[in-house]
Amino acid sequence: NRLDNAVVSNGTLKIILKKEAFSGSAYTSARLLSKNKFSFKYGKVEARAKLPAGGGTWPAIWMLGDNIGTVSWPACGEIDIMENVGYWPDSVLATVHTEAYNGMINTQKTKGVHEPGISTKFHVYSMEWTENEMFFYVDGREVNRFSNDKTGFAAWPFDKEFHLLLNIAVGGNWGGKFGVDDAIF
């Protein structure tokens, strides 16, 4: 809830990473979400973004089921439209997490693409979601596809409302796997 880490200027939203001590953390950033403001079931999401560069960064354009407060993660479902870690500077991933398929048990449904220039120019990251499939794209090129196998909620919790999240994490168990490069600040 700090305006120091998110600003709109020159027609773009900027999430600002800072190396600063705040509430017991060494870095600050922003996590913007549409929960309780805008949620939807099925449709298309498209975001034009230029990603940060540097070890320790972990930007994402993603979605969570609105029922996360009652069923928790991963049962609520997670849709990662775009995810990147700074130690893979030219790679983006599109991933789906569910109770049956998730990163904690290494069964997540993920595919990535090598995309040079993700931190120097804008790219369009998008996802189309129907009752039977999800398609993920980078600049209109399909990166991943996830289909409803009709085995139930544990594999397909995507028949309900989801909200959007935009954030850049610093560090963490995946983004910070090889440390944070403080020179990027």
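Whatever comes next refers back to the structure up there.
Calculation notes
- Residues numbered from 1 in each chain as written.
- Predicted model: local features only at pLDDT ≥ 70, side-chain atom pairs only at ≥ 80, totals over all residues.
- Heavy atoms only, no water.
- Phe/Tyr/Trp six-rings, centres within 6.5 Å; stacked < 30°, edge-to-face > 60°.
- Helix = DSSP H or I, 4+ residues; strand = E, 2+ residues; numbered from the N terminus.
- Lys NZ or Arg CZ within 6 Å of the ring centre and 35° of its normal.
- Salt bridge = Lys/Arg side-chain N within 4 Å of Asp/Glu carboxyl O.
- Buried < 20%, exposed > 50% of the residue type's maximum accessible area, 1.4 Å probe, protein only.
- Core = buried A, V, L, I, M, F, W, Y, C linked by side-chain atoms within 4.5 Å.
- Contact = heavy atoms within 4.5 Å.
- Polar contact = N/O pair within 3.5 Å; in protein donor to acceptor, adjacent residues only side chain to side chain.

1. Some points on the packing of aromatic side chains
Pairs of aromatic rings are described using the distance from one ring centre to the other and the angle between the two planes.
Argument step 1. In the structure shown here, the tally under the stated rule is 14 aromatic pairs.
Argument step 2. The interplanar angle of 25° and the centroid separation of 5.2 Å between the aromatic rings of Tyr-27 and Phe-185 together place this pair among those described as stacked. Of this pair, Tyr-27 sits in strand 4 (residues 25-28) while Phe-185 sits in the segment after strand 15 (162-170), and the two are 158 residues apart along the sequence.
Argument step 3. Members of the aromatic cluster, connected to one another through ring pairs, are Phe-38, Phe-40, Tyr-42, Tyr-101, Trp-129, Phe-146, Trp-156, Phe-158 and Phe-162.
Argument step 4. It is Arg-48 that lies over the ring of Phe-122; its NZ or CZ is 4.2 Å from the centre.

2. Examining the pattern of salt bridges
Argument step 1. Applying the stated rule across the entire model yields seven salt bridges.
Argument step 2. When the shortest N-O distance is used, the salt bridge between Asp-4 and Arg-2 registers 2.8 Å.
Argument step 3. Under the relative-accessibility criterion, Arg-2 is labelled partly exposed at 24%.
Argument step 4. Note that Asp-182 is salt-bridged to Lys-19, the shortest N-O span being 3.6 Å. Note that Asp-182 is positioned in the segment after strand 15 and Lys-19 in strand 3 (residues 18-22), a separation of 163 residues in sequence.
Argument step 5. Among the residues examined, Asp-182 registers a relative accessible area of 34% and is labelled partly exposed.

3. Regarding the nonpolar core
Buried together is how nonpolar side chains tend to be arranged in soluble globular proteins.
Argument step 1. With 28 residues, the main nonpolar core has Met-63, Ile-79, Tyr-125, Met-127, Trp-129, Met-134 and Phe-158 as its most contacted residues.
Argument step 2. In this view, Ile-79 contacts Ile-61, Trp-62, Met-63, Thr-95, Met-127, Met-134, Phe-136, Phe-158 and Phe-162; residues no more than four positions away in its chain are not counted.

4. Examining the side chain of Asn-5
Argument step 1. Considering the arrangement of structural elements, one finds Asn-5 in the segment before strand 1 (6-9).
Argument step 2. For Asn-5, a relative accessible area of 2% puts it in the buried group.
Argument step 3. Of note is the side chain of Asn-5, whose polar atom sits 3.0 Å from the side chain of Thr-28.
Argument step 4. Residue contacts for Asn-5: discarding those within four places in its chain leaves Lys-14, Ile-15, Ile-16, Lys-18, Glu-20, Thr-28, Ser-29 and Ala-30.

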